[in-house]
There are 2 protein chains.
Amino acid sequence: MSETSNELPATVLSNTKPQADAKPQAETKPLSDTKPQAETNPLSEEELDQLDAWWRAANYLSVGQIYLLDNPLLRRPLSRDDIKPRLLGHWGTTPGLNFVYAHLNRAIRQRDLDTIFVAGPGHGGPGVVAGAYLDGTYSEIYSGIDRTVDGMRKLFRQFSFPGGIPSHAAPETPGSIHEGGELGYALSHAYGAAFDNPNLLVAAVVGDGEAETGPLATAWHSNKFLNPKTDGVVLPILHLNGYKIANPTVLARIPESELLELMRGYGYTPYLVSGGFDGEDPREVHKRMAATLDEILDRIAEIKAAAESGDLVDRPAWPMLILRTPKGWTCPKEIDGHPAENNWRSHQVPLADARDTEAHTRLLESWLQSYRPQELFEESGAPVPLIASHAPEGDRRMSANPVANGGLLRRDLRLPDFRDYAVEVPAPGETVAEATRVLGGWLRDVMAENPHDFRLFGPDETASNRLQDVYEVTGKQWNAEYWPIDSDNHLAPSGRVMEVLSEHQCQGWLEGYLLTGRHGVLNSYEAFIHIVDSMFNQHAKWLKSARDIPWRRPVASLNYLLSSHVWRQDHNGASHQDPGFIDHVMNKKADIVRVYLPFDANTLLSTYDHCLRSVDYVNVVVAGKQPSPNWLSMPDAIAHCTRGIGVFDWAGTERDGEEPDVVLGCAGDIPTLEVLAAADILRRRLPDLAVRVVNVVDLMRLQSEGEHPHGLNDREYDALFTTDKPVIFAYHGYPWLIHRLTYRRAGHDNLHVRGYKEEGTTTTPFDMVMLNDLDRYHLVIDVLDRVPGLAAREAAFRQEMVDARLHARQYTRDHGEDIPEVAEWRWGGGARSTRIDTTGGDND
Amino acid sequence: MSETSNELPATVLSNTKPQADAKPQAETKPLSDTKPQAETNPLSEEELDQLDAWWRAANYLSVGQIYLLDNPLLRRPLSRDDIKPRLLGHWGTTPGLNFVYAHLNRAIRQRDLDTIFVAGPGHGGPGVVAGAYLDGTYSEIYSGIDRTVDGMRKLFRQFSFPGGIPSHAAPETPGSIHEGGELGYALSHAYGAAFDNPNLLVAAVVGDGEAETGPLATAWHSNKFLNPKTDGVVLPILHLNGYKIANPTVLARIPESELLELMRGYGYTPYLVSGGFDGEDPREVHKRMAATLDEILDRIAEIKAAAESGDLVDRPAWPMLILRTPKGWTCPKEIDGHPAENNWRSHQVPLADARDTEAHTRLLESWLQSYRPQELFEESGAPVPLIASHAPEGDRRMSANPVANGGLLRRDLRLPDFRDYAVEVPAPGETVAEATRVLGGWLRDVMAENPHDFRLFGPDETASNRLQDVYEVTGKQWNAEYWPIDSDNHLAPSGRVMEVLSEHQCQGWLEGYLLTGRHGVLNSYEAFIHIVDSMFNQHAKWLKSARDIPWRRPVASLNYLLSSHVWRQDHNGASHQDPGFIDHVMNKKADIVRVYLPFDANTLLSTYDHCLRSVDYVNVVVAGKQPSPNWLSMPDAIAHCTRGIGVFDWAGTERDGEEPDVVLGCAGDIPTLEVLAAADILRRRLPDLAVRVVNVVDLMRLQSEGEHPHGLNDREYDALFTTDKPVIFAYHGYPWLIHRLTYRRAGHDNLHVRGYKEEGTTTTPFDMVMLNDLDRYHLVIDVLDRVPGLAAREAAFRQEMVDARLHARQYTRDHGEDIPEVAEWRWGGGARSTRIDTTGGDND
């Protein structure tokens, strides 16, 4: 499979079906039309037979997966022992997914479409697996599960079985970029896949349960961010089967007129297909679906052609399909006197005691036989030619499309040499920079060098996070209305920056973009990245599973850049303070997650270069955006970041060959600043005290080597932190994380961590660190208190530090800003001409 | 003010304005009308003068808060020193909020409305504070900030100032139930407040930035869950000022026709008010706004009357208002050649260097003077009578409405005696129950006893979590369409159960419900509660702040019931496995959060009784829903839960007066089961080994008493766990949490924790614990390996355990279910007649 599938001829999305009736472009219909359901039947009898046979086969295979251990083709009467002892999995959504898949296959073959399938409804696993099996892809990838009776038996057995596959689309599913476990992200993933894939059609089935989630409800608006020419097409298929687990769904229970208004309000042209109710022959529904899908694809081709030719000016009202079919379509109408088909009761396993109740065993058998398997599969077990030939060819199969195994298409980024962007650091702390702004300069050139496969995502915070230099080479992609004033908004019909005030959208788009072989960064405020905690979970789980699947190729890492962090929320107050995303991330498997805390511009550059080269990780980088001292020259920064942890020789007062009296550890920009300020006080006031300063950029270095691949071995750790000297550790986040990372270390009992304790309100920068006992004065007090005998010997000095804190606190209350000795402090004494602090806070 | 405000006469929402022109009920207009903007002016000149003066005063006070340290009424020329050194806060959204507040005040006075105000847009703090100050409420609550010149100076100074108040609505803000820090929850909170408050009008301003978030995008659908008769009314006011931080907003940049369709599609009747652009006189906008608000309130009164009389059958298309005004309305048109008013540049502080640039100081002065403060405030600093009299009276003031200080209205729940719901436990493990199902029986009667102020919220999982007994006394409130088949769906126009497939909605509704003085429970799958991690954060921060605000009265705790937990996701696979919400919760302040792990039916009952009696906490309760052994009789359960931690004497083999050889700790239902099974093996096979079993229900007991109010002191802890014996601890979640809670304990170096290690896939219950080394056999191996000398002495026994695991693993692979000796195991030997395991998995 080639890397060029996104360079296919632009005709791919054009109408090339045999009975082409596409209007010439000049006759393009007004783009805001709303289409009711089609009334003509485009299907020949042979095509109809084929569609229906394929659908029956997929349904048969789906039911088989849920129930059968053996006897896959019912070549003997179904017996208790043929049925799984624990009936797991989900039927309800599956026949609808199979129906859509069947019709897409026809369209792909007729129009040579480049298409992937996103199965949004929860637990549609049996369906997408059945589709991949009928495509032949499944057997190509999993050789044991071949197209024989025995292969089918294995296919059935593995489903929701110990050591097998889960009940939803998953990394194990060929053709999937979307896990069907946690709901809400189907459309965001679909749009993420479509960006920069101009010839791709992403068919995204949205379940009406999923449609109730917040992330899905806003994801419809993705169409305002899609460029009709340079991006691909998303066809949302809202599948109304009426029920979720145990309730009707909202969108199935509003008047059709209201639903159509909602979809038009979201900016789509809705098309309707409804059928299969009250025993309607599915063949009739096939006809309507085929006709409607043809109309939709014609319309898409028209829009793409108009975009291609430049005739399309306004945002098009892209088609979307509303498909209304019964939940559990084709399962028994009633079971034990309760409705099953077209009812929430068919959500999971409609015949829960098929193994233990003879009547249910027989009902299951007749249900399976209702698909007439003898017509669908050869004696060998292989699908009959009518069905096998319904699959598109090669990579055109949705289950084999390389876009859905993005690692196949991923190319390394062209990365400008980050050393060229270094800030000058004649001596530690001598110069000042906004770290993220410096990174923005490099990201600008990353974008310029990689104009088709790198994007920056953010919830309206890219400029607030000081990355605005990227606008020198690109814009914020925007396809809603433009106003004259927008000339200075950096909006553009096609651009590398994606901004929408929804962390869910940003994350979902980025995931879709990465899983289809591209690269990207999500920048966000640190506190609010918790909004996507659960999405991170699911992506990390995807990466973990995908690593163990040989045919899945590595994808680019998901890179977070978290700024506007907990320590600098001057006017935003407590609501904007939360460093706990790091803690959340740390729960996931060590081979997936990386956390970096670069503390100045050069360390941030070095760190990010590393992140953009990596694959299959989630990299969390927390960095400051405010003017702040630069501590390391670029050569030193590279050396330090390569080690991930190290001693600041220049800051300590150790004597060669002797262990220090105390170790000051730090991780994060503000903790590093405060530790250095404390070290500065100590070296001036207690020159005989042997102080070592250790900085941690790569948080994983603190863990044991057995816990994380980056972990230091105990000898290395002890060499840095000693085994018995007090360690005062100033940490960016919640202090217990440092304890958790180090509790197995020899010196752990001597480790005292200062971090964020959920104490913060409207304040100044220094007041904020004082509130949490992380300030330089308190760190000095900690040293005095922890080094044996020192507090008693230096009681006056200790009191001076206590007084200094009180004075600093009172000063902020009186003046509304930090005391000059702090604001103007610089390493090595003397005041800096420019204040480190600025008058403004975050932009949010 | 009283506890009876939700029992006001039903006429409150009726049209009682003097110039009443409400149609008699028989002439009720069709309920799906869409209204354009009103064209008549209902305002007398005096009313118009009053509205405009109030609005100018609120704007003046808002600008003053952002900029001024002193000279609050400009009684001398504005000088540099009058201006804050750090200019923080946000202007952009504020004039719009003030505009809405002004008009609501008029309506409240004219119609005697019972109204609260939800300020959704980010950082509208200056506005809501100004409103409360003009209402007089602010000075009543904060006596130092009185209605004098000096009080105004303090009002200004405290805003976004060290030790002061944040830049958004917050607990400190009178009348607020909604923090404006993290965006997306305004409408959910508003609907939560409206439930069971039939005479309440919740005016919810939704910012067009916020409207892009997922939670807000789905919250519009809350109208399908509101009962027009028994609940109050939410009036959403979508405020389109066109920009978020640095970008235009989506809803401001779609055609008006599309926006109207969207709102109609969401089920509302949209009304439009637009104005203030291109220098239009605000007085003209006042007229349109007043007329439109009158129409809206007339319409609401009609709907309420129709609902009251029973004439309303279908869901009404409630009015909503689209208000389009310039961002930063009334600030300077241009600053330094850039547009300010009606531009994203007015989002935060339009004149960022007002202190340091003389021209900007003068511009700020003229901006302030443009509101003509001398007309607005007396010599004393008090608002002139025209303005003061614009405030409604007493509790009718939105800033003084007791609904927004819900603790004032909260009444204790009538709780049936949970002991009456106990399951019989003749001996440990002798009987089996589904813990959450037993709890459901009690919750049913809680609902019956508290029909107006207790609700159960869940994302379509109430029955899946086995709480379906509640449907014996109530239904799932549903005001979308009903179909004939719904007779067995437990849907009802008015009911105590709120189910929608959105954790965000559930959480937001519950928060709104609690903060307005009621009680509730949110039940969810454990893994997916991470979806609301960030909402939990914000609610916890609210509670923390509110505790320090004397006039805020305690509200009912936010109670989570997390079931379908990590260990029982048999067919759902890894996507449904995540016990990390506990870790997330633990980062918040100890005086806010409680985590309980009841391990059987009786301990769950006892725990939940405690939770429903508590206030101002977040209680996280994780419990099983599968059939599982009952370990403790109710008296024992009560004693154990009261202690929160304790020794299972019956399970151990200690000799009186001697320390055990090993401690087996457990927390959570599955870990407790496996520990007891391990203890059972040990007592039979190594009867001389002194084993102690310690169970933890209240996780906080493990922490030091200095860390958490529930923490054991070291003596108590050591008495349970010893200081030097090996402790093998089987824990429900990620193992490092136990280390984090105990790292200061003497015996910590001997503590070995088994928990979830992110190893799980499609499996059986016992296979799942084996994958994570938490199974009985592995726990026995742990004991053998940790008790000095034991492994060598019992090498054959150890090998037997290793073989047992391999055999059990292989058995599941072969048979798809757990080995009988595990599935049928019972305490004390012998097989149980009923298997503990069931064939089904979770319903999801």
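Please read these numbers as outputs of a predicted model, since none were measured by experiment. (Residues numbered from 1 in each chain as written. Chains lettered and ligands numbered in written order. Predicted model: local features only at pLDDT ≥ 70, side-chain atom pairs only at ≥ 80, totals over all residues. Heavy atoms only, no water.)

Q: Sorry, what's going on with the domain arrangement of chain A here?
A: Interfaces are often sized by the accessible area lost when the parts come together. All names here are of chain A. Segmentation of chain A into domains returns domain 1 (48-396), domain 2 (418-627) and domain 3 (644-824). Distance between the C-alpha centres of domain 2 and domain 3: 28 Å. In this assembly, 29 residues from domain 2 lie in contact with 38 residues from domain 3. Buried area between domain 2 and domain 3, summed over both chains or domains, comes out near 2,800 Å², and the portion from carbon and sulfur atoms is 66%. Of all residues in domain 2, Trp567, Leu597 and Phe599 give up the largest surface area on contact with domain 3, accounting jointly for 31% of the area buried on that side. (Domains from an automatic or database assignment. Contact = heavy atoms within 4.5 Å. Buried area = accessible area lost by both parts, 1.4 Å probe.)

Q: I would appreciate a short explanation of the packing of helix 1 (residues 45-67) of chain B against helix 10 (residues 358-369) of chain B in the present structure.
A: All names here are of chain B. It is the contact of helix 1 with helix 10, at a shortest axis distance of 9 Å, that shows an interaxial angle of 155 degrees. Taken together, the axes of helix 1 and helix 10 lie roughly antiparallel to each other. Along the contact surface, helix 1 presents Tyr60, Val63, Gly64 and Tyr67, while helix 10 presents Leu364, Trp367 and Leu368. For the contact of helix 1 with helix 10, a count of residues per class yields six nonpolar, one polar and no charged. (Axes fitted to C-alpha atoms, helices over the stretch in contact; angles between N-to-C directions. Helix = DSSP H or I, 4+ residues; strand = E, 2+ residues; numbered from the N terminus. Parallel < 35°, antiparallel > 145°, perpendicular 65-115°, else oblique. Nonpolar A, V, L, I, M, F, W, Y, C, P; charged D, E, K, R; others polar.)

Q: Please clarify how the sheet that holds strand 4 (residues 269-274) of chain B should be interpreted in this entry.
A: Each strand in a sheet pairs with its neighbour through backbone hydrogen bonds, running either in the same direction (parallel) or in the opposite one (antiparallel). Residues and elements named next belong to chain B. Taken together, the five strands give an open sheet; going across it, the order is 1-2-3-5-4, and neighbouring strands pair in parallel fashion. Of all the strands in the sheet, just strand 1 (114-119) and strand 4 have a single pairing partner and so form its edges. When strand polarity is set aside, the average angle formed by the axes of neighbouring strands in this sheet is 20 degrees. Sheet topology places strand 2 (residues 200-207) next to strand 3 (residues 233-240); seven bridges connect them, and they run parallel. Bridge pairing in strand 3 links Val206 to Leu238. (Pairing = 2+ DSSP bridges.)

Q: Would you take a moment to explain the packing of helix 14 (residues 503-515) of chain A against helix 15 (residues 533-547) of chain A for this structure?
A: Packed helices, taken two at a time, are described by their axes: the angle between them and the distance between them. Residues and elements named next belong to chain A. Viewed as axis vectors pointing N to C, helix 14 and helix 15 meet at an angle of 15 degrees, and their least axial separation amounts to 11 Å. Viewed along their axes, helix 14 and helix 15 adopt a mutual orientation that is roughly parallel. Relative to helix 15, the crossing made by helix 14 is left-handed. Residues His504, Gln507, Gly508, Glu511 and Leu515 of helix 14 lie in contact with helix 15, whose contacting residues are Met535, Phe536, His539 and Trp542. Considered class by class, the residues forming the contact of helix 14 with helix 15 number four nonpolar, four polar and one charged. (Left-handed = near helix turned anticlockwise from the far one by under 90°.)

Q: Is there a simple way to explain the interface of chain B and chain A in this structure?
A: Listed as interface residues are 138 residues of chain B and, on the opposing side, 138 residues of chain A. Together, the buried faces of chain B and chain A total about 10,900 Å²; carbon and sulfur atoms form 52% of this surface. If you look at where chain B meets chain A, you find 16 salt bridges. Residue Arg315(B) is joined to Glu258(A) by a salt bridge in which the shortest nitrogen-to-oxygen separation is 2.9 Å. Those elements that provide at least two residues to the side of chain B that touches chain A are helix 7 (214-219), helix 8 (256-265), strand 7 (338-339), helix 15 (533-547), helix 16 (581-586), helix 21 (736-742), helix 22 (765-771) and helix 25 (795-815) of chain B. If one sorts the elements of the side of chain B that touches chain A by residue count, helix 15 of chain B sits on top with six residues. Each residue belonging to the side of chain B that touches chain A can be placed in one class, and the counts come to 44 nonpolar, 53 polar and 41 charged. (Salt bridge = Lys/Arg side-chain N within 4 Å of Asp/Glu carboxyl O.)

Q: Looking at this structure, how should I read unusual backbone geometry?
A: For Asp278(A), which is not a glycine, the phi torsion comes out positive at approximately 55 degrees. Position of Asp278(A) among the secondary structure elements: in the loop between strand 4 (269-274) and helix 9 (282-309). For Asp278(A), a relative accessible area of 84% translates into the label exposed. Of note, Asp773(B) is a non-glycine position whose phi angle comes to about 60 degrees, a positive value. Since its relative accessible area comes to 16%, Asp773(B) is described here as buried. (Buried < 20%, exposed > 50% of the residue type's maximum accessible area, 1.4 Å probe, protein only.)

Q: Before we go on, may I ask you to explain the environment of Gly475(A) in this structure?
A: Residue and element names in this part refer to chain A. As for its position among the elements, Gly475 is in the loop between strand 9 (454-458) and strand 10 (476-477). Taking the relative accessible area as the measure of exposure, Gly475 reaches 6% and is therefore buried. Sequence separation of Gly475 and Gly747 is 272 residues, and the distance between their C-alpha atoms is 51 Å. Each residue touching Gly475, except ones within four places of it in the same chain, is listed here: His490, Ala492, Gly495, Arg496 and Val497.

Q: Honestly, the sheet that holds strand 5 (residues 319-324) of chain A in this entry has me stumped. Any pointers?
A: Residues and elements named next belong to chain A. In space, the five strands of this open sheet follow the order 1-2-3-5-4, with parallel pairing throughout. Only two strands of the sheet have a single partner each, and these edge strands are strand 1 (114-119) and strand 4. Between one strand axis and the next, the sheet turns through 20 degrees on average, direction left out of account. Where strand 3 (residues 233-240) meets strand 5, four bridges bridge the pair, whose relative direction is parallel.

Q: So what exactly am I meant to see when it comes to the relation of the copies chain B and chain A here?
A: Applying a rotation about an axis and a shift along it to one chain copy brings it onto the other copy. For the pair chain B and chain A, the superposition axis carries a translation of 0.0 Å, the fit reaches an RMSD of 0.0 Å, and the rotation angle comes to 180 degrees. Here the symmetry operator amounts to a two-fold rotation axis. Among all residues of chain B, the minimum C-alpha distance to the rotation axis is found for Gly214(B), at 2.0 Å. Interface overlap between copies is the fraction of interface residues in one copy that are interface residues in the other; for chain B against chain A it reaches 100%, indicating a shared surface. (Least-squares fit on C-alpha atoms with pLDDT ≥ 70 in both.)

Q: Even after reading the chapter, I still don't get the packing of aromatic side chains, so can you show me in this structure?
A: Where two aromatic rings form a pair, the distance of their centres and the angle of their planes describe that pair. All names here are of chain B. Summed over the entire model, instances satisfying the criterion amount to 61 aromatic pairs over all chains. Both rings, one in Phe457 and one in Tyr513, keep their centres 5.9 Å apart while their planes meet at 65 degrees; by these two values the pair is edge-to-face. Separated by 56 residues along the polypeptide, Phe457 in strand 9 (residues 454-458) and Tyr513 in helix 14 (residues 503-515) bring together distant segments of the chain. The class of Phe457 is buried, set by a relative accessible area of 0%. For Tyr513, a relative accessible area of 0% translates into the label buried. Taken together, a centroid distance of 5.8 Å and an interplanar angle of 10 degrees make the contact between Tyr734 and Trp736 stacked. According to the relative accessible area criterion, Trp736 is buried, its value standing at 18%. (Phe/Tyr/Trp six-rings, centres within 6.5 Å; stacked < 30°, edge-to-face > 60°.)

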